[in-house]
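Residue-level listing of the chains:
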Amino acid sequence: MMRLLAGAILWVLTFPVRAAEPVPDRLVALTFDDSVVSHATFVAPLLKKYGFGATFFITEGFEFTTDKQHYLTWEQIRELHAAGFEIGNHTRRHTAVPRQTPEQLLADVEHIERQCAAHGIPRPTSFCYPGYQTNAAAVKLLRERGYRFARAGGARAFDPAADEPLLMPQAFDGKPDSTMEQFKAAVAQARDGKVVVLTFHGIPDLKHPWVNTDPAKFERYLAHLKEQGCRVVAVRELARHLQPRSP
Ligand SMILES: [Zn+2]
């Protein structure tokens, strides 16, 4: 008996890992790409009203450094963090990762990490692929740097038990012609162990009209999530549903 107990204690000390928590139905992760100013001026206050979490994927690509009318300032990004939202890494230049050498990708990833550190924001653990293009070299680099999730494109729910979290698919990508029916169909996939990851850009997105979401339509989307009783979180909160990494 004592030997059995000693063995059990040794096991716990050697492998102090907990099992992945089961995924509840109606679990939704909300993500916003490209550092659009409406994330701070419109989206964040609205999400607060609903009690919803979200991840904002920050890039200094496009006209981020020169056009402060349409893009977030780092002070606004810091405020998003202070308000409880997750700040994720969407790279310095927003270059598709297959077009970069590992050194270029590393430099672009590190730049956003350094900017976060300079503004009192924790080092990101969630990443988003620019233009949704992925490759194995990026997955390796992100894993080595401690990233837990990297959102790609796609149109299906994420299964934490089966999918690679560094190639996490989105279930819905808000576009000007997206319909409420498409949104409802995407959200309905949040069951049987699967998480629905939703992608938006600016609301509105004046500089990238092809990914614009109308604010009134966005409010209808959020109302649907609330009606359905969804738990709406930042990507980082999905970590509890991953299998612990091998020791
Ligand atoms: Zn982007």
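So, how was this worked out
- Think of each chain on its own: its residues are numbered from 1, step by step along the sequence as written.
- Per-residue local features are limited, in this predicted model, to residues with pLDDT of at least 70; the limit for side-chain atom pairs, both in listing and counting, is 80 or more; totals at the level of whole chains, interfaces and linings are taken over all residues.
- A helix here means a DSSP run of H or I that spans at least four residues, while a strand means a run of E at least two residues long, and both kinds are numbered starting from the N terminus.
- When we talk radius of gyration, it's over C-alpha atoms, and the globule rule is simply 2.2 Å times the number of residues to the 0.38.
- Here exposure depends only on C-beta density: within 10 Å of a residue's C-beta, 20 or more other C-beta atoms make it buried, 12 or fewer make it exposed, and intermediate numbers make it partly exposed, the C-beta atoms being placed from the backbone.
- By the convention adopted here, residues are in contact when the distance between their C-beta atoms, placed from the backbone, does not exceed 7 Å.
- In this description, a nonpolar core means buried residues of the types Ala, Val, Leu, Ile, Met, Phe, Trp, Tyr and Cys, linked to one another by C-beta atoms lying within 7 Å.
- When DSSP finds two or more bridges between two strands, those strands count as paired.
- Throughout, right-handed denotes a crossover for which the path from the first strand over the helix to the second runs clockwise when the strands point away from the viewer.

**Here we look at the overall build of the protein**
Move 1: Tallying secondary structure elements over the protein gives 7 helices and 8 strands in all.
Move 2: Taken over the C-alpha trace, the protein has a radius of gyration of 19 Å; the compact-globule value for 247 residues is 18 Å, and the two agree within 12%.
Move 3: Oriented by its inertia axes, the alpha-carbon framework of the protein measures out at about 70 × 45 × 30 Å.
Move 4: For the protein, buried positions account for 38% of its 247 residues.
Move 5: Counting only contacts in the protein whose residues sit at least 6 apart along the sequence, the fraction spanning at least 24 positions is 70%.

**Focus: the nonpolar core**
Move 1: Counting 60 residues, the largest nonpolar core has Val-28, Ala-150, Val-195 and Val-196 as the members making the most contacts within it.
Move 2: Per element, the largest residue contribution to this core is 5 residues, and it comes from strand E1 (residues 27–33).
Move 3: The contacts of Val-196, once residues within four sequence positions are left out, are Val-28, Ala-157, Ala-171, Ala-186, Val-187, Gln-189 and Ala-190.

**Digging into unusual backbone geometry**
Move 1: In this structure, the amide linkage connecting Ile-203 to the following residue, Pro-204, adopts the cis form with an omega of 5 degrees.
Move 2: Structurally, the position occupied by Pro-204 is in the loop between strand E7 (196–200) and helix H7 (215–227).
Move 3: One non-glycine residue, Asp-34, lies in the positive phi region at around 85 degrees.
Move 4: Tracing the sequence through the fold places Asp-34 in the loop between E1 and helix H2 (38–50).
Move 5: When the 25 C-beta atoms within 10 Å are taken as the criterion, Asp-34 is described as buried.
Move 6: Its identity as a non-glycine residue notwithstanding, Ser-35 has a phi of 55 degrees, on the positive side.
Move 7: Mapping Ser-35 onto the fold places it in the loop between E1 and H2.
Move 8: Judged by the 26 C-beta atoms lying within 10 Å of it, Ser-35 falls in the buried class.

**Re the pairing of strand E3 (residues 86–89)**
Move 1: By the alternation rule, side chains of E3 split into Glu-86 and Gly-88 and Ile-87 and Asn-89, which are all buried.
Move 2: Bridge count for strand E2 (residues 55–58) against E3 is 4 bridges, and the pairing is parallel. Looking at the pairing, Ile-58 lines up with Asn-89 of E3.
Move 3: Crossover E2 to E3 through helix H3 (residues 74–82) is right-handed.

**Examining the pairing of E1**
Move 1: For E1, a buried count of 7 out of 7 residues is recorded, marking the element as mostly surrounded by other parts of the structure.
Move 2: Residue alternation in E1 divides its side chains into two sets, Leu-27, Ala-29, Thr-31 and Asp-33 and Val-28, Leu-30 and Phe-32, and both sets are buried.
Move 3: Pairing of E1 with E7, which is carried by 5 bridges, proceeds in the parallel orientation. Looking at E7, one finds that Val-28 is bridged to Val-196.
Move 4: When E1 meets E2, the two strands line up parallel, connected through 3 bridges. Residue pairing across strands places Asp-33 opposite Phe-57, the latter belonging to E2.
Move 5: Note on the crossover from E1 through H2 to E2: the handedness is right-handed.

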